[in-house]
Structure formats: C-alpha cells, structure tokens
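# Understanding the architecture of this molecule
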Amino acid sequence: MTDRTPGPDPELALSVRDLKTYIYANNRCNRALDGVSFDIHRGKTLCIVGESGCGKSVTAASILQLLPELSRIEEGEIVYHGAEGPVNIERLKRNGRRMRAIRGKEIAMIFQDPMTALNPVYSIGFQIKEMLLYHTRLGKRARHAKAIDLLRSMGIPLPEKRVREYPHLYSGGMRQRAMIAIAMSCDPRILIADEPTTALDVTIQAQIFELMDTLKREQGTAIMLITHDMGVVAELADDVAVMYMGQIVEAGPVGQVLRNPLHPYTRALLESIPVLGRGKNQQIRAIPGQTPDPYDRPTGCQFAERCRYRVDACAEMPPETQVSSSHRVRCWRHREFMADAAE
Amino acid sequence: MLTYIARRLLTLIPMAIAISFLIYLGLDLTPGDAVSHMIPPDVIGTMDPERLDELRESLGLGKPFLVRYWIWITGVLQGDFGYSLAGGVQISKIFLDRLPATLELSCAALVISTILGSILGTISALTRGTFADQALTVVGMLGVSIPEFFFGLVAILVFALNLGWLPVGGRTLPGYDSFWDRLPHLIMPALVLSIMMTAGVMRYARSSMLDALSRDFIRTARSKGMPEWRVNLLHGFRVALTPVIVLIGFRLPVLIGGSVIIEQVFQWPGIGKEFLSAVRSQDYPLVMMVALFSVMAVLLASLIVDILTALIDPRVRLGD
Ligand SMILES: Nc1ncnc2c1ncn2[C@@H]1O[C@H](COP(=O)(O)OP(=O)(O)OP(=O)(O)O)[C@@H](O)[C@H]1O
Ligand SMILES: [Mg+2]
C-alpha cells in the first residue's frame, strides 16, 4: 500500500475496492453499495452509468465521506493516490481534519442540481473565495482576483461584476459553471461530477462537457462523471462502469463496452436509447420491469428478474469476471455473449 | 434599498388609516360622547347641561361620523390624544410618563428572547436526538404552555422574598435614576416576560436550523473541506436566521400582551399596567389610545422585520 510506483498504472488517482456502503432507514438496511470496485486515472474520464437509484450518488458521496447521517462504509477500501502517497479514505474520520484537507483540495465535487447546491445568501464570489481561504495561502485581494479569473475561464461574461452577485441572479447553466469554478479553484487531482447537466438544456450541457474535457486535457484532472445518458458516455468517457442495484455489472474501456457489451443490462441500456445516424427504423426498447426494492434485494443476480437471458444459475450471485485485461463483467453467461460477438 | 423602505412605508399608511378608523368606530359606539371624553370629568359635573349642548354643537358633534373621525384623527396626528376619564389627565402626558418604562421592559425581553432562543434552538438542532436536545425540547414546551404570571409569582417568591437577591417590583427607588441603579429591578420582569417568547423562538429556530442543515448547499459547503463550525454557522445558521426574525416580528403582539400582565405582577409603571387599570375603570379614551398605539407598534415592527429580512436575504433585497 505504501508502494509509490504501482507498475502498470503510474497515473492511478483513486482506486475503490469492494466498497460496501449501507444506509439505514426506519430500522431497515439498504445495501446501497454492495461490492463496488473501480479505478480512476489522471487525465481520463470514468463514466458511471445506471438507472436512477442504482447507487451512483452514494458512490460519489462515499469517496468524499459526504454520506447521509445514518449510513456507513461497512467494508472495502477507497485509496486516494495523492502527491504524498496513498491515503485510505475510508479510515479517516468523517469530518476530521485529514478528510477535510482532501475535500475540495484533492478531490472536488460538482453536484446534481445547481439550483440548490449554492447557498442563496452568499455571493458567488464569496462561495468561491471560501474554498481558496481554506486550501490556499492567497491573501484577500489575491483570492478576489482568482475568483474573477476562475469565472472568466468558465466563460461567464463580466466576471468583475458577476463575482459580487448572488446565485438567484445566475441562470442554471451559469450556476453550474460557478459550481465548476468552485470545484476547480484549488486544482484538484480528481473531479467528481454527479450528473452535472441533468437540470440544464442541451446546448448548455454540451458547453459544460466541453469545459470538463478541456480541464481533463489541460490539467490532467481525473474525472469521474456520473450520468444515465449513454450518449454522454459515448462522447466523453475513456472508461465506463455500468451500475445496477449497488453493483458494477460491467466495466471497461468505453470502446469495448459499447461495441461489445457482455452484460444483458448493458445491452438493454444501449437498446433503450436512440443512436444518432442509425435512422428512424432503429429499435428502441425500454427495459421491462422495475428495479427491485432496495431494502429487499434478491440474493442472486440483481438483474435476473428483468433479464431476457435468465437461467437457473442466476439465482446465485455471479462473480465479477475479468474478460480482458481491463474489461470485466458480472454475469454467468458472459462467455456465450462473447462467442456471439465473435461470430 | 431606500426605495424598498419607502414603498413598504407607503403600504403601511392605508393599514394605519383602516385600523384607526375601526378604533374610532369602537370609541364612538361606547357610552358617552366626545364632550365627556375631552373635558375633564370633574369639570363636566359642575357644568350646566345647556352649556354642554352648546359645546357639543360648537364641537360639531351633530356632524356626520366621517367628519368627526377626520377631526379626531387630525388631532391625534398633531399629538392631541384627548383626556383620560380618570383624573382628567391628558393622555399624551400619560404616554410620555409611562412609555419609556414599557419600552425598556419589552426591548430587554425582546433582546433576551431573540439571542437566547436562537442560541438554544441552534444547539438543540445540532445535537438532535441527544439528551441535550430532548431536555431543551421539554423545557421549551413548558415555557410555551405555562402562563407568564405564574413564572412571575414564582420568581418573586424565590429570588425576591426567599433569597432577597432582587427587588420585589417597581422600576426604581426614589433618588436612584441611572440605568445601573434600575438594572436589578429590570432583570426579573424582563426575564419572565421573555420566557414564553424565548421558548417559541427556540422551537422555531430548531426546526428552521434542521431545515437549513438538510439543504443541498450544506453538502456543497462540506465538500469544500471547511470545518463543521463554519458549515453549521455560516451556512446553516445564517440561512435559518431569516425565518426566525420574521417569526419574532409576528410574535411582538405576544410580547405586548405579556407586558400588560407582567407589569401588573411586578408593579412595573408602564403602559400595560395603566392599560389594565384603564380597562377596569372603563376609561375608554385611554383604552382606545393604548390599543391604537399597540397596533401601530406592531405595524412598525412588521416594517422593521421586513427591512431586516431584506438586509439578510439577498433575494428579497434585490429581487424587485
Ligand atoms: N439520503 C438517503 N437516505 C436514504 N436512502 C438513500 C439516501 N440517498 C440514497 N439513498 C438510497 O441509496 C440508493 C442509491 O441511491 P443513489 O442516490 O446513489 O442513486 P443514483 O444512482 O444517484 O440515482 P439518481 O440517478 O436518481 O441520482 C437508493 O436505494 C436510495 O434509496
Ligand atoms: Mg444521484
């Protein structure tokens, strides 16, 4: 763990291993994350996709320990590979000094809804500057100048004036830019974006993604992008992890996973979205059925109930299987699907 | 901001007119008429009834109600409040004498309950579910439900009569006029008067704080790596404060009502005590003026609350 030169992945930024995060409500336990593993690399984008409620946000929250009150990381590890060597985040005290030193400075986060993520009673500038206050040694004037620079670099017009304004005067897209400005203010090594554009319209969505792509290329930021939009994945991701009911059912380089999906859920997801250029006659199929009750999960494969390819074996939980050096899948029948694809 | 205040002031005017009209209507419907209200009663008794009728005529009492209202309200606006029936003293003089005492008492209670209530409510919210929170909740419930005069009597019994720490009542002793001399007299009534309001503010501050803490921007604040005190106070408390201040504005009538009783219990020489004796002796002109005055005070308080909210909340300040 103290090994500073991890051979195959010199650019590893974060690795999550067998993470189990449980949420407790009304004396019941929701195994929101049930053994999640993935890596994030510098200068790469990992997209996490999956239906609503599959645990994407809980994954993000676990990494920064911003979980709801009655919840806990029960097992597994989250290792942050920073400049000072690896840190086991799950062992840090939730709001302790060492956790706080990582939040914002090393790993920054952009939230799902820009309308509610900013505090309405403080100016945008104040909310950028307080991040600088805690993580940099800049003086008051320098912080103000930096806040203006950040807004400018996010493409906000008249930043000298806008920096003093309150969030309610910003449009949704501008608020999300301001959120990104806050997140990027201390040059974090990792940026976690939790569906940063669901609340925004398409053109602004494209602009925000372009902004993030630039950051990745120019600063070498590692990006973890949460989305449920396969189109976004195809466009932005280097790697993709498909989640279902608290588990990653398939993960790998985006080309492999999209071209050669091995899990029936990935296939169903891909079939459920229209693909540009395939014309009007393409088949679009909604995924039948509903996700199981999170408090009463099936013991076997979580997707079995809705799966076209279900067999008896699915009553037991399939293991995660590595099908190539970087592509893994959690399905009993993946060999058959591989053979199909080979034909 | 100035235009905002000006506009709010303008909206107050029709309200004030409507209320003064209602009060004058009440005054008009009570037994007796303006002559008996304006001339000291001891003088009236000695006057010849025909003289009185003449006087009524000259005063325009035969005139329509609205005209009389107009004459009355312009008088009030010029500081002519009429006479108290008991003793025939000018009401404006009673106000000048008694108002400072009442203002002193209610302001002290207001300050105590605002500060104490917000602090306790915030502590309660931050420690929710623990013993401290539950204890505060129980105390708050008692504070809201037990009448103030009971606390007043108990306080007098314990701190004045048994322990002898504080004076039983009154506002000052003859010859001791500085604020510091008066302070021991102020402590008990102010604290007792503030109990109910403190409890109310505390409960409200608790729920407002809990609401603020559950909002998304709190998680954003935490994600910046700031210490908990800053997240809770600068982001949580600051947002929770606005509704609390609005509540305090709405609760001011409670304070005014409470001061009537507390002034009686502690023999505090304020308007409230005067009001009670005026009601008892059916001194309608005085009762009416005190009523008018209280309503105006509440209206003014609501204006101040609005201005404060605007200062605190940028959405209100800039939203129009
Ligand atoms: N604050 C919370 N309290 C209780 N349960 C929660 C809380 N947050 C999430 N959960 C539960 O955790 C599970 C995963 O939720 P999560 O928010 O991670 O989903 P998601 O993939 O982000 O969905 P979406 O696309 O809707 O954002 C769900 O079963 C949800 O009910
Ligand atoms: Mg989510």
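Residue numbering note: each chain is counted from 1, following its sequence as written. All chains are assigned letters beginning with A, and all ligands numbers beginning with 1, in the order in which they are written. Reporting in this predicted model follows two pLDDT cut-offs: at least 70 for local features of residues, and 80 or more for side-chain atom pairs to be given and counted; totals over whole chains, interfaces and linings ignore these cut-offs and use all residues. Side-chain descriptors were evaluated using all non-hydrogen atoms of the structure, hydrogens and water having been removed beforehand.

What follows concerns the sheet that holds strand β2 (residues 28-41) of chain A. Residues and elements named next belong to chain A. Pairing between two strands is assigned when DSSP locates at least 2 bridges connecting them. A run of DSSP states H or I qualifies as a helix once it reaches four residues; a run of E qualifies as a strand once it reaches two. Both are numbered from the N-terminal end. One open sheet holds the four strands; their spatial order is β2-β1-β4-β5, and the pairing between them is antiparallel. Edge strands, defined here as strands with exactly one partner in the open sheet, are β2 and β5 (85-88). On average, each strand axis in the sheet is tilted by 10° relative to the strand beside it, whichever way the strands run. Here strand β4 (residues 71-82) pairs with β5 via four bridges, running antiparallel. Bridged to Tyr80 within β5 is Val87. In this description, contact between two residues means that some pair of their heavy atoms is separated by no more than 4.5 Å. The convention used is that axes are lines fitted to C-alpha atoms, helices contributing only their stretch in contact, and that angles between N-to-C directions extend from 0 to 180 degrees. The strands touched by helix α1 (residues 56-64) within the sheet are β1 (12-25), β2 and β4, with β2 carrying the most contacts at an inclination of about 70°.

At the interface, 25 residues of chain A touch 23 residues of chain B. Accessible surface is computed with a 1.4 Å probe, and the buried area is the amount of it that two parts give up when combined, taken over both parts together. Counting each side, the surface lost to burial between chain A and chain B is near 2400 Å², with a carbon and sulfur contribution of 59%. Whenever Lys or Arg places a side-chain nitrogen within 4 Å of a carboxyl oxygen from Asp or Glu, that contact is recorded as a salt bridge. The interface formed by chain A and chain B contains three salt bridges. Arg230(B) is the partner of Glu130(A) in a salt bridge, and the nearest nitrogen-oxygen pair spans 2.9 Å. Nitrogen and oxygen atoms within 3.5 Å of one another constitute a polar contact, given that in protein one can donate a hydrogen and the other can accept it, and given that sequence-neighbouring residues count only through two side-chain atoms. At the surface where chain A touches chain B, the tally comes to 13 residue pairs in polar contact (both at pLDDT 80 or more). Within the residue set of the side of chain A that touches chain B, elements represented by two or more residues are α3 (114-117), α4 (124-135) and α7 (172-184) of chain A. For the side of chain A that touches chain B, the element with the most residues is α4(A), which contributes seven residues. Looking at side-chain class alone, the side of chain A that touches chain B contains 14 nonpolar, seven polar and four charged residues. Gly is placed with the polar residues, together with every amino acid not listed as nonpolar (Ala, Val, Leu, Ile, Met, Phe, Trp, Tyr, Cys and Pro) or charged (Asp, Glu, Lys and Arg).

This next bit is on the UniProt feature "transmembrane region" (unreviewed entry) in chain B. UniProt positions are given in the numbering used here, feature names are shortened, and annotations may be inferred rather than shown by experiment. UniProt's feature table lists "transmembrane region" (unreviewed entry) at residues 9-27, 103-126, 138-166, 186-205, 239-266 and 286-312 of chain B, given in the numbering used throughout. Along residues 186-205 of chain B the backbone is 100% helical and 0% strand, and the end-to-end C-alpha distance reaches 26 Å.

On to the domain arrangement of chain A. Residues and elements named next belong to chain A. Domain delimitation in this document rests on an assignment produced automatically or drawn from a domain database. Domain assignment breaks chain A into domain 1 (12-106 + 189-342) and domain 2 (113-185). Between the C-alpha centres of domain 1 and domain 2 there is a distance of 29 Å. Each side of the interface is counted separately: domain 1 has 15 residues, and domain 2 has 13 residues. Across the domain 1 to domain 2 interface the summed buried area is about 1100 Å²; carbon plus sulfur atoms make up 74%. Along the contact surface separating domain 1 from domain 2 lie zero salt bridges. Joining domain 1 to domain 2, the criterion identifies three residue pairs in polar contact (both at pLDDT 80 or more).

Residues annotated in UniProt with the feature "domain: ABC transporter" (unreviewed entry) correspond here to residues 14-270 of chain A. Secondary structure within residues 14-270 of chain A divides into 39% helix and 29% strand; the distance between the first and last C-alpha atoms comes to 28 Å.

Think of it this way: a Phe, Tyr or Trp ring, Trp meaning its six-membered ring, pairs with another when their centres are within 6.5 Å, and the plane angle makes it stacked under 30 degrees, edge-to-face over 60, tilted otherwise. Tallied over the full model, the rule gives nine aromatic pairs over all chains. Both rings, one in Tyr309(A) and one in Phe337(A), keep their centres 5.0 Å apart while their planes meet at 70°; by these two values the pair is edge-to-face. Of the two residues, Tyr309(A) is situated in the loop between α11 (264-271) and β11 (321-322) and Phe337(A) in helix α12 (residues 334-342); the sequence distance between them amounts to 28 residues. A relative accessible area of 2% places Phe337(A) in the buried class. Among the aromatic side chains, those forming a connected cluster through ring pairs are Tyr244(A), Tyr265(A) and Phe303(A). Only lysine NZ and arginine CZ atoms are considered, and such an atom sits over a ring when it is within 6 Å of the ring centre and within 35 degrees of the ring normal. Stacked on the ring of Tyr170(A), the Lys or Arg Arg162(A) has its end atom at 5.4 Å from the ring centre. Taking NZ or CZ as reference, Arg238(B) lies 5.7 Å from the ring centre of Tyr122(A), over its face. Accessible area is worked out with a 1.4 Å probe on protein chains only. A residue is then buried under 20% of its type maximum, exposed over 50%, and partly exposed in between.

All names here are of chain A. The strand order across the open sheet formed by eight strands is β6-β7-β8-β3-β9-β10-β12-β11, and the pairing between neighbours is mixed. The open sheet is flanked by β6 (107-110) and β11, the only strands paired with a single partner. Summarising the sheet, β6 and strand β7 (residues 190-194) pair through four bridges and their orientation is parallel. Each bridged residue has a counterpart across the sheet, and for Ile110 the counterpart in β7 is Ala193. Across the sheet, α7 is in contact with β6 and β7; its angle to β6 comes to roughly 175°. Its contacts with the sheet place α11 against β9 (239-244) and β10 (247-253), and it is angled at close to 100° to β9.

Residue and element names in this part refer to chain B. Between helix α6 (residues 91-126) and helix α11 (residues 228-265), the least distance of the axes is 8 Å, while the angle of their chain directions is 140°. Accordingly, the angle class assigned to the pair α6 and α11 is oblique. For the pair α6 and α11, the sense of crossing is right-handed. Note on element contacts: α11 touches α6 through Asn232, Leu233, Phe237, Val244, Ile248, Leu252, Leu255, Ile262 and Glu263, opposite Thr102, Leu105, Ser106, Ala109, Leu110, Thr114, Ser118, Thr122 and Leu126. Looking at side-chain class alone, the contact of α6 with α11 contains 11 nonpolar, six polar and one charged residues. Should an angle lie under 35 degrees it is considered roughly parallel, over 145 roughly antiparallel, and from 65 to 115 roughly perpendicular; all remaining angles are considered oblique. For any pair of crossing helices, the crossing counts as left-handed if the nearer helix is rotated counterclockwise from the farther one by less than a right angle, and right-handed if it is rotated clockwise.

Okay, the nonpolar core next. If you look at the biggest cluster of nonpolar residues, it comprises 99 residues, and the most contacted ones within it are Leu14(A), Phe38(A), Ile107(A), Met224(A) and Leu225(A). Ranked by residues supplied to this core, first place goes to α7(A) with eight residues. Three or more residues apiece are contributed to this core by two domains, here domain 1 (12-106 + 189-342) and domain 2 (113-185) of chain A. Ignoring any residue separated from it by four or fewer positions in sequence, one finds Phe38(A) in contact with Leu14(A), Ser15(A), Val16(A), Arg17(A), Leu46(A), Ile48(A), Thr59(A), Ile63(A), Met224(A), Ile248(A) and Arg328(A). Of all hydrophobic cores here, the second largest spans 26 residues; its members include Ala108(B), Ala160(B), Leu186(B) and Ala190(B). By nonpolar core is meant a set of buried Ala, Val, Leu, Ile, Met, Phe, Trp, Tyr and Cys residues that side-chain atoms within 4.5 Å join together.

A helix is expected to span 1.5 Å for every residue after the first. When the terminal C-alpha atoms of helix α1 (residues 2-29) of chain B are compared, their 41 Å separation across 28 residues agrees well with the 40 Å that a helix rising 1.5 Å per residue should span. Among all positions of α1(B), only Tyr4(B), Arg8(B), Leu12(B), Ala16(B), Ser20(B), Ile23(B), Tyr24(B) and Leu27(B) are buried.

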